Amino acid sequence: PQLPLSVLGELYDQLTIASWRQSKIDQSAIYNAKAEEVARKTGDQGLLASALLSKANIHSWRGEISKSLATYDECLKFERYIEVRTLGSVFSNLGAVLYESADFDRGEAMLNKAIKLFQNSSRPTNLSIAHCHLAILFIETNKLDDAEKEIQLSVEYAKADDYRRGQQMAKLIQAELAARR
């Protein structure tokens, strides 16, 4: 379309997010490449940070862990251009990828950073997700009492925002906890 490049970049970024929210990862990657290209051409650091966050998420969902981690690290170089809530999402998603790759200490640190940011700037859904990740991390590290506390917090936040996926995920984690006790 004949739009200013900055508007086109934002449009591609929003299409990226809309696509991955619908689990259309391949389509999302196409839009994401365009958003990143425009961001680099225009020097729009905020757009570049957003495009890198989506790119890191896409790598993660594809199981490309080393690419995902490298892209999250690149994204964090633009931290000052990232809105607080989105920065919390960077830390939350990075924390999940880290614990999934057995870097439990760094994963926990990132998740705690996310929670701290989310407490003042986000919806309960974001807090539910971050606490859920911590619960899983604690299960993986055999800290079952800590996992129980985190999943209870996750449920409370999920209910506060009518986040049904979070409520159902909590049931799975609670079943895992019960099986391990």
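This text follows the structure it describes.
First things first, this report covers the structure right here in the doc. As a convention, each chain's residues are numbered from 1 in the sequence order in which they are written. Restriction of local features to residues with pLDDT of at least 70 applies here, the model being predicted, together with a cutoff of 80 or more for giving and counting side-chain atom pairs; totals for whole chains, interfaces and linings are based on all residues. Think of the side-chain values as coming from all heavy atoms in the structure, minus any hydrogens and water.

## So, unusual backbone geometry
Cut-off, in case you're wondering: Relative accessibility under 20% of the residue-type maximum defines a buried residue, over 50% an exposed one, and the middle range a partly exposed one, all with a 1.4 Å probe and only protein chains included. Every helix listed is a DSSP run of H or I at least four residues long, and every strand listed is a run of E at least two residues long, numbered separately from the N terminus.
The phi dihedral of serine 23 is positive, around 65°, even though this residue is not glycine. Of the residues examined, serine 23 reaches a relative accessible area of 60% and is grouped as exposed. With phi around 60°, asparagine 142 is a residue other than glycine that occupies positive phi space. Within the secondary structure, asparagine 142 sits in the loop between helix H7 (124–140) and helix H8 (144–160).

## Some points on helix H3 (residues 45–61)
The condition is simple: Any helix carries an expected span of 1.5 Å times its number of residues minus one. Identification of polar contacts relies on pairs of N or O atoms within 3.5 Å, with a donor-acceptor requirement for protein atoms, meaning one able to donate a hydrogen and the other able to accept it, and with residues adjacent in sequence counted only if both atoms are side-chain atoms.
An ideal rise of 1.5 Å per residue puts 24 Å on 17 residues; H3 measures up with 24 Å between its terminal C-alpha atoms. Most of H3 is tucked away: 13 of the 17 residues are buried. Between the side-chain oxygen at the start of H3 and the backbone nitrogen of glycine 46 there is a gap of 3.2 Å, and the oxygen is on aspartate 44. Of the residues one or two after H3, glycine 63 is the one with positive phi, at around 80°.

## Remarks on the nonpolar core
Selection rule: Among the buried residues, those of types Ala, Val, Leu, Ile, Met, Phe, Trp, Tyr and Cys that are joined through side-chain atoms within 4.5 Å form a nonpolar core. For this analysis, residues touch if any pair of their heavy atoms sits within 4.5 Å.
Judged by nonpolar contacts, the single largest core of 43 residues is most densely connected at Tyr72, Leu94, Ile151, Ile173 and Leu177. Element by element, the count of residues in this core is highest for H7, at nine residues. The residues contacting isoleucine 173, other than those within four sequence positions of it, are Cys132, Ala135, Ile136, Ile139 and Ile151.

## Side note on a nonpolar patch on the surface
Note the following rule: Surface patches are defined over residues having more than 30% relative accessible area and no salt bridge, joining like charges when they lie within 9 Å and nonpolar side chains (Val, Leu, Ile, Met, Phe, Trp, Tyr) when within 5 Å. Here the open area of atoms and residues is found with the Shrake-Rupley method and a 1.4 Å probe, where only the protein chains shown may cover a residue. Here, a salt bridge means any Lys or Arg side-chain nitrogen found within 4 Å of an Asp or Glu carboxyl oxygen.
A contiguous nonpolar surface patch, about 220 Å² in accessible area, is contributed by Leu3, Val7 and Leu11. As for its placement among the helices and strands, leucine 11 is situated in helix H1 (residues 5–21). The partly exposed category is assigned to leucine 11, whose relative accessible area is 37%.

## Topic: the side chain of histidine 133
Secondary-structure assignment places histidine 133 in helix H7. Residues in contact with histidine 133, not counting those within four places in the same chain, are Ser92, Ala96, Tyr99 and Leu111.

## Thoughts on the environment of glutamine 168
Within the secondary structure, glutamine 168 is located in helix H9 (residues 164–180). Taking relative accessible area as the criterion, glutamine 168 reaches 44% and is therefore assigned partly exposed.

## Here we look at the packing of H3 against helix H5 (residues 84–100)
Convention followed: Axes, fitted as lines to C-alpha atoms, cover a helix only where it is in contact. Angles between the N-to-C directions of the axes lie from 0 to 180 degrees. Any angle that falls under 35 degrees is termed roughly parallel, while one over 145 is termed roughly antiparallel, one within 65 to 115 roughly perpendicular, and all others oblique. Put simply, a crossing is left-handed when the front helix is turned counterclockwise from the back one by less than a right angle, and right-handed when it is turned clockwise. Three classes are used, and their members are as follows: Ala, Val, Leu, Ile, Met, Phe, Trp, Tyr, Cys and Pro are nonpolar, Asp, Glu, Lys and Arg are charged, and the others, Gly among them, are polar.
As a packed pair, H3 and H5 sit with axes 11 Å apart at the nearest point and diverge in direction by 20°. Regarding the angle of H3 to H5, the classification is roughly parallel. In this structure, H3 crosses over H5, and the sense of that crossing is left-handed. Taken together, the residues of H5 that come into contact with H3 (itself represented by Leu53, Asn57 and Ser60) are Thr86, Val90, Asn93 and Val97. Taken together, the residues of the contact of H3 with H5 break down into three nonpolar, four polar and no charged.

## Observations concerning the environment of aspartate 13
Tracing the backbone shows aspartate 13 in helix H1. Separated by 18 residues in the primary sequence, aspartate 13 and tyrosine 31 place their C-alpha atoms 6.8 Å from one another. Discounting chain neighbours no more than four positions away, the residues touching aspartate 13 are Ala35, Leu47, Ser50 and Ala51.

## Quick look at the environment of lysine 159
Mapping lysine 159 onto the fold places it in helix H8. Remark: the alpha-carbon pair of lysine 159 and methionine 169, spanning ten residues in sequence, is separated by 12 Å.

## A short note on the pattern of salt bridges
In total, this model carries ten salt bridges according to the counting rule given. The closest approach of N and O atoms between arginine 164 and aspartate 162, which form a salt bridge, is 3.4 Å. The exposed category is assigned to arginine 164, whose relative accessible area is 59%. Salt-bridge contacts for arginine 180 lead to glutamate 176; the nearest nitrogen and oxygen are separated by 2.6 Å. Here glutamate 176 and arginine 180 lie together in helix H9, a separation of four residues that amounts to about one turn. With relative accessibility at 33%, the residue glutamate 176 sits in the partly exposed group. Beyond isolated ion pairs, a larger network of salt bridges with shared partners links Glu36, Arg40, Lys55 and Glu74.

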